[in-house]
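Report on the structure
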Amino acid sequence: MSPGTSAYIGRFAPSPSGALHFGSLLAALASFLDARACGGQWLLRMEDLDPAREPPGAADQILYLLEHLGLHWDGPVVYQSERQAAYADALEQLREAGLVFPCDCTRKRMRQLENVYDGHCRKRAQVPEPHALRLRIENREITLSDQIQGCYGQNLSQECGDFIIRRKDGLIAYQLAVVVDDAWQNISHIVRGFDLLDSTPRQLYLQEKLGLPLPRYAHIPVASDAMGQKLSKQHFARPLDQGRAAEHIHRALEFLGQAPPPALQQATVEELLAWGIEHWDIHEVPRLATIPINED
Ligand code: GLU
Ligand code: ZN
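Scope of this entry: the structure provided in the associated data block. What you see as residue numbers is a count from 1 along each chain, following the sequence as written. Lettering of chains starts at A and numbering of ligands starts at 1, both following the order in which they are written. Restriction of local features to residues with pLDDT of at least 70 applies here, the model being predicted, together with a cutoff of 80 or more for giving and counting side-chain atom pairs; totals for whole chains, interfaces and linings are based on all residues. The side-chain quantities take in all heavy atoms of the structure and omit both hydrogens and water.

**Section: the state of the cysteines**
As used in these notes, a disulfide is a covalent bond between sulfur atoms, one from each of two cysteines. A pair of sulfur atoms, both from cysteines and within 2.5 Å, is called a disulfide here. Applying the stated rule across the entire model yields zero disulfides. Its sulfur unpaired, Cys160 is 13 Å from the next cysteine sulfur, which belongs to Cys103.

**Considerations on empty space enclosed by the protein**
A 1.4 Å probe that fits into a set of points on a 1 Å grid over the protein atoms alone but cannot get out defines a cavity; an open set with protein on both sides within 12 Å along at least five of seven lines defines a pocket, and lining residues are those with an atom within 4 Å of a point. Grid points are joined across faces, edges and corners, and a volume is the space filled by probe spheres set on the points. Under the counting rule described, the total for this entry stands at one cavity of 30 Å³ or more. Within this model, the largest cavity holds a volume of roughly 40 Å³. Taken together, Val179, Asp182, Ala183, Ile187, Gln207, Leu212, Pro213 and Pro215 make up the lining of the largest cavity. Runs of H or I in DSSP of at least four residues are treated as helices and runs of E of at least two as strands, each being numbered from the N terminus. A total of three residues in the lining of the largest cavity trace back to one element, the largest contributor, which is helix H6 (residues 174-184). Class assignment for the residues of the lining of the largest cavity results in six nonpolar, one polar and one charged. Gly counts as polar in this scheme, as do all residues outside two lists: the nonpolar Ala, Val, Leu, Ile, Met, Phe, Trp, Tyr, Cys and Pro, and the charged Asp, Glu, Lys and Arg.

**Remarks on the side chain of Ser199**
Note that Ser199 resides in the loop between strand S9 (189-193) and helix H7 (200-210). Under this definition, polar contacts are N or O atom pairs within 3.5 Å; protein pairs additionally need one hydrogen-donor-capable and one acceptor-capable atom, and for neighbouring residues in sequence, both atoms have to be side-chain atoms. Side chain to side chain, Ser199 and Gln175 meet in a polar contact 3.1 Å long. Residue contacts for Ser199: discarding those within four places in its chain leaves Tyr174 and Gln175. In this description, contact between two residues means that some pair of their heavy atoms is separated by no more than 4.5 Å.

**Points about the pairing of strand S1 (residues 9-12)**
Going residue by residue along S1, you find Ile9 and Arg11 tucked away on one face and Gly10 and Phe12 tucked away on the opposite face as well. Following DSSP output, two strands are said to pair if at least two bridges run between them. Bridging between S1 and strand S2 (residues 41-46) involves four bridges; their strand directions are parallel. Residue pairing in the sheet places Ile9 in a bridge with Gln41 of S2. Following the chain from S1 across helix H1 (residues 22-37) to the adjacent parallel S2, one finds a crossover that is right-handed. The cut-offs for exposure are 20% and 50% of the maximum accessible area for each residue type, with area from a 1.4 Å probe on protein chains only; residues under the lower value are buried, those over the upper are exposed, and the others partly exposed. We call a crossover right-handed when, viewed with both strands directed away from the observer, the connection leading from the first strand over the helix to the second proceeds clockwise.

Below is the structure:
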């Protein structure tokens, strides 16, 4: 398919909770290559819904580094912090469908329930503020066919129970915001880290209840340290060094099973990405949850 004629729309949706590290580069690169190889668009959405966890300047730093890595996105960046009205509409739609109820259960209680909500507040007439809003789920299996991980399913009543769509502090939960925006941006394909696979059934359920189209999903393995701990901003994975952009891309291509030829060892970022787009094969991405890397 030639560029511009494809219905493929992909995205990268970082949370600006810190600098871009190798783990986030993998999700950025995989979603970029899959989109470009299909002649599709690649959009960028900043998931900045939790100011307390977002160091000032982190979002700009991510954009700056993506540019340096040659990962140029299409169109304007969407900021979730500017999308509150859309989330309020979606909440209202779910409320009208009778699927939303307030809950003031404590973290302690949730720990006792091992984080599987038991429906305790479903039928309470009065729930004092502050309270969260939960979405009523159904006792049935929700499955998807992931392009990398294969068939995956969950019965939400066993995995999480009625889940939070607006937090006690008033912030919109990731699960709700992500489906509203993926639909609004007409995202057709989602390529992201394995750590989000277990959120996908909740997102499919929300899409169903909101009458939204279902994108195609692909979950790539996440990079872990030698101890098997996922690399994340919270675990202080080292920020990427922009002076080594080509090296990072080369390593990420290897990690994604794309086997860049040794001759590309000295290639520029542009050459590496051109090779990556031409040779991208999503079926070569290892069907694994995590892959350890040495941080050097
Ligand atoms: N903002 C999420 C994160 O950085 C990713 C959301 C998604 O790709 O669905 O982990
Ligand atoms: Zn409750």
